[in-house]
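In case you want the letters, here they are:
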Amino acid sequence: MIERIGRRTLRFTDPPRILSHAAAVGKKEGEGPLSGRFDFVTQDDRMGQKSWELAESELQKTAISTALQKAGMQKSDLDMILAGDLLNQCTGSFLASMQSDVPYLGQYGACSTMAQELALGACLVGGGAAQRLLAAASSHFCSAERQYRFPLAYGGQRTPTAQWTATAAGAVVLGEGQSRPSRAKRDNAAGLGKQGDGHICITHALFGKMVEMGVTDANNMGAAMAPAAYNTLSTLLADLGAQPKDFDCIVTGDLGHVGADLLLTLLREDRIDLSPVYSDCGSLLFGDTQDAHAGGSGCGCSAAVLCGPLLRDMQAGKIKRLVFAGTGAMMSPTSVQQGQPIAGICHAVVIERSGA
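For clarity, every value in this text was computed on a predicted model and none was experimentally measured.

1. Topic: the overall build of the chain
Helices and strands together make up the secondary structure of the chain, namely 11 helices and 15 strands. The C-alpha radius of gyration computed for the chain amounts to 19 Å, which stays within 12% of the reference 21 Å derived for 356 residues, consistent with globular compactness. Expressed along its principal axes, the backbone C-alpha trace of the chain runs to roughly 55 × 50 × 35 Å. Taking all 356 residues of the chain together, the buried fraction comes to 59%. Sequence-distant contacts in the chain: of pairs separated by 6 or more residues, those separated by 24 or more amount to 78%. A total of about 13800 Å² of accessible surface is found on the chain, and carbon and sulfur atoms cover 50% of it. Each charge class in the chain can be summarised by its mean position, and for the 31 positive and 34 negative side chains these summaries are 5 Å apart.

2. Re the environment of N220
Within the secondary structure, N220 is located in the loop between β10 (199-206) and α7 (221-240). Remark: the alpha-carbon pair of N220 and T161, spanning 59 residues in sequence, is separated by 5.2 Å. Setting aside its immediate chain neighbours within four residues, N220 contacts T161, V215 and V258.

3. Comments concerning the pairing of strand β15 (residues 343-354)
For a regular strand, side-chain orientation follows a simple rule: the groups alternate between the two sheet faces. Taken across its 12 residues, β15 has 10 buried, putting it largely inside the fold. In this structure, β10 lies alongside β15, joined through 7 bridges in antiparallel fashion. Bridge pairing links H199 to S354 in β15. Where strand β14 (residues 321-330) and β15 come together, 10 bridges link them in antiparallel fashion. Across the sheet, the residue bridging to T327 is C346, located in β15.

4. Some details on the packing of aromatic side chains
The tally for this structure, following the rule as stated, stands at 0 aromatic pairs. Over the face of the ring belonging to F286 we find K28, whose NZ or CZ atom lies 5.6 Å from the ring centre. Above the plane of the ring of W52 lies R46, whose end atom (NZ or CZ) is 4.0 Å from the centre.

5. So, empty space enclosed by the protein
Scanning all chains against the criterion turns up 2 cavities of 30 Å³ or more. Computed from the structure, the largest cavity encloses a volume of approximately 130 Å³. In this structure, the largest cavity is lined by 13 residues; those nearest its centre are L86, C111, Y148, M221 and M331. A class-by-class count of the residues in the lining of the largest cavity yields 9 nonpolar, 3 polar and 1 charged.

6. What to know about the side chain of D254
Among the structural elements, D254 can be located in the loop between β11 (249-253) and α8 (256-268). Looking at D254, the relative accessible area reads 0%, which means it is buried. A distance of 3.4 Å separates a polar atom in the side chain of D254 from the backbone nitrogen of S302. With near-sequence residues (within four places) excluded, D254 lies in contact with C111, Q163, M225, D280, C281, G282, G296, S297, G298, C301, S302 and T327.

Rules used throughout
- Residues numbered from 1 in each chain as written.
- Predicted model: local features only at pLDDT ≥ 70, side-chain atom pairs only at ≥ 80, totals over all residues.
- Heavy atoms only, no water.
- Helix = DSSP H or I, 4+ residues; strand = E, 2+ residues; numbered from the N terminus.
- Rg over C-alpha atoms; globule rule 2.2 N^0.38 Å.
- Buried < 20%, exposed > 50% of the residue type's maximum accessible area, 1.4 Å probe, protein only.
- Contact = heavy atoms within 4.5 Å.
- Areas by Shrake-Rupley, 256 points an atom, 1.4 Å probe, with all protein chains shown as cover.
- Lys, Arg positive; Asp, Glu negative; His and termini not counted.
- Charge placed at Lys NZ, Arg CZ, Asp CG, Glu CD.
- Pairing = 2+ DSSP bridges.
- Phe/Tyr/Trp six-rings, centres within 6.5 Å; stacked < 30°, edge-to-face > 60°.
- Lys NZ or Arg CZ within 6 Å of the ring centre and 35° of its normal.
- 1 Å grid on protein atoms, 1.4 Å probe; cavity = no way out; pocket = protein on both sides within 12 Å on 5 of 7 lines; lining within 4 Å.
- Points joined across faces, edges and corners; volume = space filled by probe spheres on them.
- Nonpolar A, V, L, I, M, F, W, Y, C, P; charged D, E, K, R; others polar.
- Polar contact = N/O pair within 3.5 Å; in protein donor to acceptor, adjacent residues only side chain to side chain.

Below is the structure:
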């Protein structure tokens, strides 16, 4: 069952469980502050493929196969795959799952894609449309540069507000809640989805609105996305009757340094101080010496940070209640070239750990 709380928040009365998760990243990402906290780090960003787009697809395949292996599952055990990326027609994602023989739903929410998939996936599982599904998202610096800006050989200069598209992918397997005997008990008996003690569940979801404040600079996505993050997070807190301190961590992805500062400023005007529990995936992924300018971005950035460090910390009991708020800049090369404004969007899920 799914209940609506307040204006827009959905509560799952039998919260879908995160059965497994995996993150695969590129060489630069693997050398950053989160080094050693991903399942797979490639030393060849081309992944042995003949194009950057195929390399991204291979990276997503790696995250998917690792998540399934950790859950003790095969693709045939899934009812659906939800996957997305930044490329035209989600090229990396449909190629990654084309031979899966599993119903596929392509997703596009820019950098909010993983949060969008988790919110939608939880609704599908919580509403009985699926018993098990997989959500995956990816991005690749080189494929994104070629699509949104210039080929790497052009050597264009990046502005200080620009973010670095992560070469990364993340995948999550969602399953039915504990109160459904049909498959949850069989999963437990078979040892499926047991990455650690306790259960990690999606308890709430909030689908975001597009918020457009006149930003047209594609090299300042943080400014375009921050108002949407403000709208979603302030609504979520109001709907739940909660304060930031009620959560161990509230993380956005990917506002970067610029957008994160703007979000904190906007919330302070409402007398909401998010800073004690707040982080941004784009700020966490790269270190100060890695020349990522305003931080990381791309579908794979927040997906890998969530499916690597954050969910690992939840497994270990270091985080018990997390808000994952994915932020995206809704634009295309065509819309930017035509001078259209960039709308921001932010979807959020509340993830909680229960049990010992």
